[in-house]
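Working through the structure, step by step
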Amino acid sequence: MQDNHDRKWPGEPASPKGRAWQDPTRAVHGGPRPCDQRGLINPPVDRASTIIYDSVEAYMDRHQGLYDEVIYGLYGTRTTFALAEAVSELEGGCNTVITSSGTSAIALALTAFVAGGDHLLVADCVYGPTRKFLTDVLARFGVEVEYFRPDIGAEIAGLCRSNTRLIYMETPGSQTFDMIDVPAITAVARSRGILTALDNTWATPLFFKPLAHGVDISLASATKYLSGHSDCLLGTMTAASDAVYRQLKDAAARWGNCASPDNCYLVHRGIRTLDARLERHQRTATTLIEWFAQQPEVVAVRYPAHPADPGHAIWKRDFTGASGLFGVQLDGLTPPETSAFFNEFSLFQLGSSWGGFESLAVPAWPAPIRDFPNGEADGALIRIHAGLEAPQDLIADLAAAFARVRALRGQGQAS
Ligand SMILES: *Cc1c(COP(=O)(O)O)cnc(C)c1O
């Protein structure tokens, strides 16, 4: 059989990689060129633990290659580095560390830079497990965590101390979709030498560029939109500078965090269609929100792209699009009404991850774990993920759910 190793493959496309490309093109062509991987369009899946060396000299020096070479399976194979390259291009970052999950990316980014005695400022609207990590793990190591109101803006200066090491943000916030004034906060942080990190899972780098807004580390659960197919887990930590990248890579290595090459392949493949999928998620979310807004039981919609959302002005200034996840505040659902609403959907499914092709609906009660009020009313805040189904089918499913609730309320009034 002919071995292809020595064959010459066609070179790069007319526009050299990364130069003056728009994001949709970057998503389609990001990472190594086919001519650098034997003509393959997507990176091959390299699985390995042991890597062998040519000489004892190369073996002894291997750890110098931690940051950009394949030296041991734990630290990544070519498949991992290929995805890191594609994500870095989209985030506009210096380099990216791929981790086993979004949760591990958050935990590693936090531990990479803080030590006992440090003070950490964290947005009150962060993802629940981020909060658990801070309380259950970092606090045990003597790190002091203080939450701030998501709308704090430049007033964050008043909370900064001499031992404040890092400001951690997530926007829009989990469940409540709060918008944070990122440039106002990063300006304060930079003037004081404080690092900033931001969970960019909701927007993806196609709709928001944290690093261009002064953030040092952009984090994401690649499990969500980057993968897009609800069947694998991965996280990304993209650094604005090489020094930050090296510290993140060291942390991932020391904690033994490994991203599976198979999942790296799946996420890289998912990124190829990210732009097309997000456009559709956004369009369907907008259609569903217009429909929700007409229902008398709906008190508020939480989606920063909606003109009535309190975070709309910031979203419009800093973001270039909105994804398919939003919140709907109903006028209070009793437990039986909640069951009637959620248990008989035919398309919407109950599940906590999102960003895949399928629509999801779950109830959310963020208030008990928050330090500050978030405008939540009694009853369920519903979190909807608008999937790629036909919007008319989704609306029919939602209309039936509202009809079930109205039937229960009607019975209550009749008795
Ligand atoms: C889901 C999610 C995560 C965690 O991602 P996993 O890959 O499931 O560990 C982190 N941040 C946000 C905002 C998320 O929604």
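Keep in mind that this is a model prediction, so the values were computed, not measured. (Residues numbered from 1 in each chain as written. Predicted model: local features only at pLDDT ≥ 70, side-chain atom pairs only at ≥ 80, totals over all residues. Heavy atoms only, no water.)

1. A few points about the overall build of the protein chain
How we decide: Helix and strand labels come from DSSP, where a helix needs a run of H or I of at least four residues and a strand needs a run of E of at least two; each type is numbered from the N terminus. For this measure, only C-alpha atoms enter the radius of gyration; the expected value for a globule follows 2.2 Å times N^0.38, where N is the number of residues. Contacts are assigned to residue pairs that have any heavy atoms within 4.5 Å of one another. The protein chains shown are the only cover counted for residues, whose accessible areas, like all others here, come from Shrake-Rupley with a 1.4 Å probe. Charge convention: Lys and Arg are scored as positive, Asp and Glu as negative, and His as well as the terminal groups of each chain are ignored. For this purpose, a charge sits on NZ of Lys, CZ of Arg, CG of Asp or CD of Glu.
Scanning the protein chain from N- to C-terminus turns up 13 helices and 11 strands. For 415 residues, the compact-globule estimate of 2.2 N^0.38 gives 22 Å, and the C-alpha radius of gyration of the protein chain, at 23 Å, lies within 12% of that figure. With respect to the principal axes defined by its C-alpha atoms, the protein chain has extents near 85 × 60 × 35 Å. Expressed as a percentage of contacts within the protein chain between residues at least 6 apart in sequence, the contacts between residues at least 24 apart total 73%. For the protein chain, the accessible area works out to roughly 18300 Å², and carbon and sulfur atoms hold 53% of it. Treating the 36 positive side-chain charges of the protein chain as one cloud and the 46 negative ones as another, the clouds have centres 3 Å apart.

2. Some words on the environment of Lys224
Our working definition: The cut-offs for exposure are 20% and 50% of the maximum accessible area for each residue type, with area from a 1.4 Å probe on protein chains only; residues under the lower value are buried, those over the upper are exposed, and the others partly exposed.
Mapped onto the fold, Lys224 is located in the loop between strand E6 (217–221) and strand E7 (235–239). By relative accessible area, which is 8% here, Lys224 ends up buried. Spatially, the C-alpha atoms of Lys224 and Thr287 are 21 Å apart, while their sequence positions differ by 63 residues.

3. Let's talk about empty space enclosed by the protein
Just so we agree on the cut-off: Here a cavity means grid points, on a 1 Å grid over the protein atoms only, where a 1.4 Å probe fits yet cannot get out; a pocket means an open set of points with protein on both sides within 12 Å along at least five of seven lines; lining residues are those with an atom within 4 Å of a point. Grid points are joined across faces, edges and corners, and a volume is the space filled by probe spheres set on the points. Residues are grouped as follows: Ala, Val, Leu, Ile, Met, Phe, Trp, Tyr, Cys and Pro are nonpolar; Asp, Glu, Lys and Arg are charged; every other residue, Gly included, is polar.
Applying the stated criterion across every chain, the model contains 2 cavities of 30 Å³ or more. As for the largest cavity, its lining consists of 17 residues, of which Tyr75, Thr80, Val97, Ile98 and Lys249 are closest to the centre. Among the elements of the structure, helix H3 (78–91), strand E1 (95–99) and helix H8 (242–254) are those that each provide at least two residues to the lining of the largest cavity. Each residue belonging to the lining of the largest cavity can be placed in one class, and the counts come to 11 nonpolar, 5 polar and 1 charged.

4. Examining the packing of helix H4 (residues 102–113) against helix H5 (residues 128–136)
Test applied: Simply put, an axis is a line fit to the C-alpha atoms, just over the touching stretch for a helix, and the angle between two N-to-C directions goes from 0 to 180 degrees. Roughly parallel here means an angle under 35 degrees, roughly antiparallel means over 145, roughly perpendicular means 65 to 115, and every remaining angle is called oblique. With the far helix as reference, a near helix turned anticlockwise by less than a right angle produces a left-handed crossing, and one turned clockwise produces a right-handed crossing.
Put simply, H4 and H5 touch, their axes get as near as 10 Å, and they point 40° apart. By the criterion of interaxial angle, the relationship of H4 to H5 is oblique. Helix-helix and strand crossings are classified by hand; for H4 and H5 the assignment is right-handed. Contacts from Ile106, Ala107, Leu110 and Thr111 in H4 reach Thr130, Phe133 and Leu134 in H5. Partitioned by chemical class, the residues of the contact of H4 with H5 number 5 nonpolar, 2 polar and no charged.

5. Remarks on the sheet that holds strand E11 (residues 381–385)
Just so we agree on the cut-off: Pairing between strands requires that DSSP locate at least two bridges from one strand to the other.
Across the sheet, which stays open at both edges, the 4 strands sit in the order E8-E9-E11-E10 with antiparallel pairing between neighbours. Each edge of the sheet is formed by a strand with only one pairing partner; in this case those strands are strand E8 (298–302) and strand E10 (360–364). Between one strand axis and the next, the sheet turns through 25° on average, direction left out of account. Of the strands in this sheet, E8, strand E9 (325–330) and E11 are in contact with helix H10 (residues 274–293), which crosses E9 at around 10°.

6. Observations regarding the environment of Leu278
Structurally, the position occupied by Leu278 is in helix H10. Owing to a relative accessible area of 0%, Leu278 belongs among the buried residues under this scheme. Leu278 sits 71 residues away from Phe207 along the chain, and the two C-alpha atoms are 9.2 Å apart. Beyond its immediate stretch of four places on either side in the chain, Leu278 contacts Ala203, Thr204, Leu206, Phe207, Tyr225 and Ser323.

7. Description of unusual backbone geometry
Following Thr171, the chain continues into Pro172 via a peptide bond in cis, with omega recorded as -5°. Of note, Pro172 is situated in the loop between strand E4 (164–170) and helix H6 (182–192). In this structure, Phe177 is a non-glycine residue whose phi angle is positive, near 60°. One can find Phe177 in the loop between E4 and H6. Assessed through its relative accessible area of 2%, Phe177 is described here as buried. Phi angles above zero are rare outside glycine, and Ser230 is one such case at about 55°. Relative to the assigned elements, Ser230 resides in the loop between E6 and E7.

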